[in-house]
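Overview (structure and organization)
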2 protein chains.
Amino acid sequence: MLKKPITIHDIAEMAKVSPATVSRVLSNSDYPVSKGLQERVRRIAEEVNYIPNMLGKQLKKNESTTIGVIIPSIVNPFYSFVIFGIEEVARANHHTVIICNSLQDPELEEEYIRTIMEQQVKGLIISSISEDRTLLRNCIDLGLNVVAIDQALEEENVCQVKFDHRKGGYIGAKHLIEQGHRQIAYLTSKLDRPSRKNIYRGYVDAMQEAKLEPILAESDEQRSDADTYDFDTGRKLVRKILTSGEQPTAIFACNDMMAFGVINELSSQGINVPDDISVVGFDGIDFGMMLHPPLTTVKQPDYDMGKLAGKLLFDKLKGEDAPFYDVVLQPSLIERRSVRNLTAINTLECAR
Amino acid sequence: MLKKPITIHDIAEMAKVSPATVSRVLSNSDYPVSKGLQERVRRIAEEVNYIPNMLGKQLKKNESTTIGVIIPSIVNPFYSFVIFGIEEVARANHHTVIICNSLQDPELEEEYIRTIMEQQVKGLIISSISEDRTLLRNCIDLGLNVVAIDQALEEENVCQVKFDHRKGGYIGAKHLIEQGHRQIAYLTSKLDRPSRKNIYRGYVDAMQEAKLEPILAESDEQRSDADTYDFDTGRKLVRKILTSGEQPTAIFACNDMMAFGVINELSSQGINVPDDISVVGFDGIDFGMMLHPPLTTVKQPDYDMGKLAGKLLFDKLKGEDAPFYDVVLQPSLIERRSVRNLTAINTLECAR
DNA sequence: TTGTACGCGTTATCAG
DNA sequence: CTGATAACGCGTACAA
């Protein structure tokens, strides 16, 4: 029923050479093998459709051709793009990618790290949620190469691909200020993660610089696994801010999902975006451009982050002991149409 | 610098037993080992933080603890959810998941199949784009277990988790008809894949049943890798249909992305959805609910598809030779607010 | 240039 | 119950 897989021994027999010779030819070793045998072995391998067993090879050489990626959830478009970038450079380096959804659960994260170590994986890209670094530290000492993305991970021998959240927050708020806004509210889910805090800090930076009073609306709910969580939070926070007596002319949301919720709630209440209230998001996921109006947002380069993280990791794996360095990706503003310019002469314009 | 990994031999030495005993204890073999040794071995393994080398185990047992998943692109939210479901059941079965983005390229698909075979992977879930089944056939004969999703794959020994696209097309069109629409246009990207053709057939079924004339607008462009491709196509096809002289009161798009494009273009032209023209999508991705108006659409159960495919695969892997069977997932309508009811008395209503 | 023999870490078989 | 030994498929000293 099941065909038995063909090994180098089988081929050796057919080609009337030793398994060693077959190995040398088929693994492209630089060990000298005569032209004639080379061709004979290759031809036969081709004929019998030889599929090498990487397990044997890897066991012998203590290598691995797969890398691990641990992220909160693949269902989040941001991480989808990160992975997409990683997978691309992995393939270019003849490696496969194991995906691990930590679901923000430190225990799951640990389980995954353990698993990939058992698989003898030598490279890991991780957006770590855990506080406890002992296991990871241990694995690094055992030869695991680690690149941290998104979440900071200060640890010896760990490269980081970071993103300047604070500057991102600054840029978003600054844009609104430049467009003439003075009452600018910042809506955010719980400020419990450093990245979130930093965006907020950037917003405050810009406000203080312009001598404006920050208006903060923070969700008090803990995380939830619903993928529409941020959307719902956006709606709630809008209701909260509008009934609080504040009269913002602009709202800055801590991520795009939440901005979608903001726009949705405003529209539902008959408030026009951007004519009545302007909205700026954070992330730059593609769906923002499909909204009406298209969302102005601060772009966090997801795909590039993946590619860079992959590049850093493979540099380490290749042992090119170029000095380890961190990368700090810079934010940029994607200007679409959810922000109204209040400074222009056309204050009366109510076009539609 | 690098600590040397600890093997069962090291533990055997420390516990003054044979490696065989250590193996029997640590791999939870049902082979009898005295209680005393059991504990001694376990304690030491714990102490030295033993991490088993799965490569050795797998090589010996000709097993694998990883499965492969080949899909067009992880960046597509539909497939993100499929993978999410797969990964969940894989983890429950102590397996890891290798992700492969075929990018709709048959050659890439083949490369990936070859790669996972080299890794001795025994299970594959695939949304195949290739016409040529010879390689896959070969791998199955070599012991690969295959479950096909999304795209049909008629081949001996391959389970399929399908989706009734035709019924989905029928349901979507039927809904519009029931709401009193008569001029219903169907907008689709190139009808080159069976799934696309089937949705269209379902639409035609419903139209003919109601003695209505189908109105088809098909994109003639070939696939593109831009992830906003369908969105742009939706916009283009709307312009095409509106300038063609047709006056549809409703538009049925072959997927949600395209429906987003449709709504966007209509809004841009000052045409109100659903008051002037109703829109129905296909897929049921979450972003549809964030639009204004929220998109009425035909739900294709992505997450469930992933879980089911995973379940089927592990049933096969466990050799529970329950008879192989295909699963055909049924569509359902998610009624939101992008469709106007034309039958009601409130024909005059122009509410907003 | 080619072949022989051993080891990577694990488990299965067989003898004690 | 326990231990020695031979594999799994491959790469590589070492010998020829």
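What counts as what
Residues numbered from 1 in each chain as written. Chains lettered and ligands numbered in written order. Predicted model: local features only at pLDDT ≥ 70, side-chain atom pairs only at ≥ 80, totals over all residues. Heavy atoms only, no water. Least-squares fit on C-alpha atoms with pLDDT ≥ 70 in both. Contact = heavy atoms within 4.5 Å. Near = heavy atom within 4 Å. Polar contact = N/O pair within 3.5 Å; in protein donor to acceptor, adjacent residues only side chain to side chain. Helix = DSSP H or I, 4+ residues; strand = E, 2+ residues; numbered from the N terminus. Nonpolar A, V, L, I, M, F, W, Y, C, P; charged D, E, K, R; others polar. Buried area = accessible area lost by both parts, 1.4 Å probe. Pairing = 2+ DSSP bridges. Axes fitted to C-alpha atoms, helices over the stretch in contact; angles between N-to-C directions. Core = buried A, V, L, I, M, F, W, Y, C linked by side-chain atoms within 4.5 Å. Buried < 20%, exposed > 50% of the residue type's maximum accessible area, 1.4 Å probe, protein only.

This part is about the relation of the copies chain B and chain A. Rotating chain B by 180° and translating it 0.1 Å along the rotation axis places it on chain A, where the RMSD comes to 0.2 Å. Both copies of the chain, as the preceding transformation shows, are related through a two-fold rotation axis. No C-alpha of chain B approaches the rotation axis more nearly than that of B:Ile98, which lies at 2.2 Å. The fraction of interface residues of chain B whose copies in chain A are also interface residues reaches 100%, indicating that both copies meet through the same surface.

Moving on, we come to the protein's contact with DNA strand D. In the neighbourhood of DNA strand D, 27 residues make up the surrounding shell, with A:Ser23, A:Tyr50, B:Arg24, B:Tyr31 and B:Ser34 lying closest. When atoms of DNA strand D within 4 Å of the protein are sorted by moiety, sugar and phosphate together comprise 59%. Contact distances for DNA strand D include 2.7 Å between a phosphate oxygen and a side-chain N or O atom of A:Ser23. Within the side chain of A:Arg24, an N or O atom sits 3.4 Å from a base nitrogen of DNA strand D. Listed by contribution, the elements that provide at least two residues to the surface near DNA strand D are α1 (8-15), α2 (19-26) and α4 (54-61) of chain A together with α2 (19-26) and α4 (54-61) of chain B. Among the elements that line the surface near DNA strand D, the one with the most residues is α4(A), at four residues. Grouping the amino acids of the surface near DNA strand D by side-chain chemistry returns twelve nonpolar, nine polar and six charged.

This part takes up the interface of chain B and chain A. Each side of the interface is counted separately: chain B has 62 residues, and chain A has 62 residues. Taken over both partners, the interface formed by chain B and chain A buries close to 5,800 Å², and the fraction arising from carbon and sulfur atoms is 64%. Counted by class, the side of chain B that touches chain A contains 30 nonpolar, 21 polar and eleven charged residues.

Looking now at the sheet that holds strand β6 (residues 184-188) of chain B. Residues and elements named next belong to chain B. Taking strand neighbours across the sheet as the criterion, the six strands line up as β7-β6-β8-β9-β10-β12 in an open arrangement whose pairing is mixed. Since the sheet does not close on itself, it has two edges, and those belong to β7 (215-218) and β12 (332-334), each with one partner. Taking each pair of neighbouring strands and ignoring which way they run, the sheet shows an average axis angle of 20°. Here β6 pairs with β7 via four bridges, running parallel. Following the sheet pairing, Tyr186 is matched in β7 by Leu216. The sheet contacts of helix α9 (residues 194-209) involve β6, β7, β8 (250-253) and β9 (278-283), and relative to β6 the element is tilted by about 175°.

Further remarks concern the nonpolar core. Residues A:Leu187, A:Phe260, B:Leu187, B:Tyr203 and B:Phe260 are the most contacted members of the largest nonpolar core, which totals 148 residues. Apart from the residues within four sequence positions on either side, B:Leu187 is in contact with B:Ala217, B:Gly234, B:Leu237, B:Val238, B:Ile241, B:Ile251, B:Phe252, B:Ala253, B:Cys254, B:Met258 and B:Val262. By size, the runner-up hydrophobic cluster in this structure holds 42 residues, among which are A:Ile126, A:Leu144, B:Ile70 and B:Val146.

Residue and element names in this part refer to chain A. Counted residue by residue, strand β2 (residues 96-101) has six buried out of six residues, so it is predominantly covered. Of the two faces of β2, the one lined by Thr96, Ile98 and Cys100 and the one lined by Val97, Ile99 and Asn101 are each fully buried. Across six bridges, the pairing between strand β1 (residues 66-71) and β2 is parallel. From the neighbouring strand, Ile67 faces β2, where its bridge partner is Val97.

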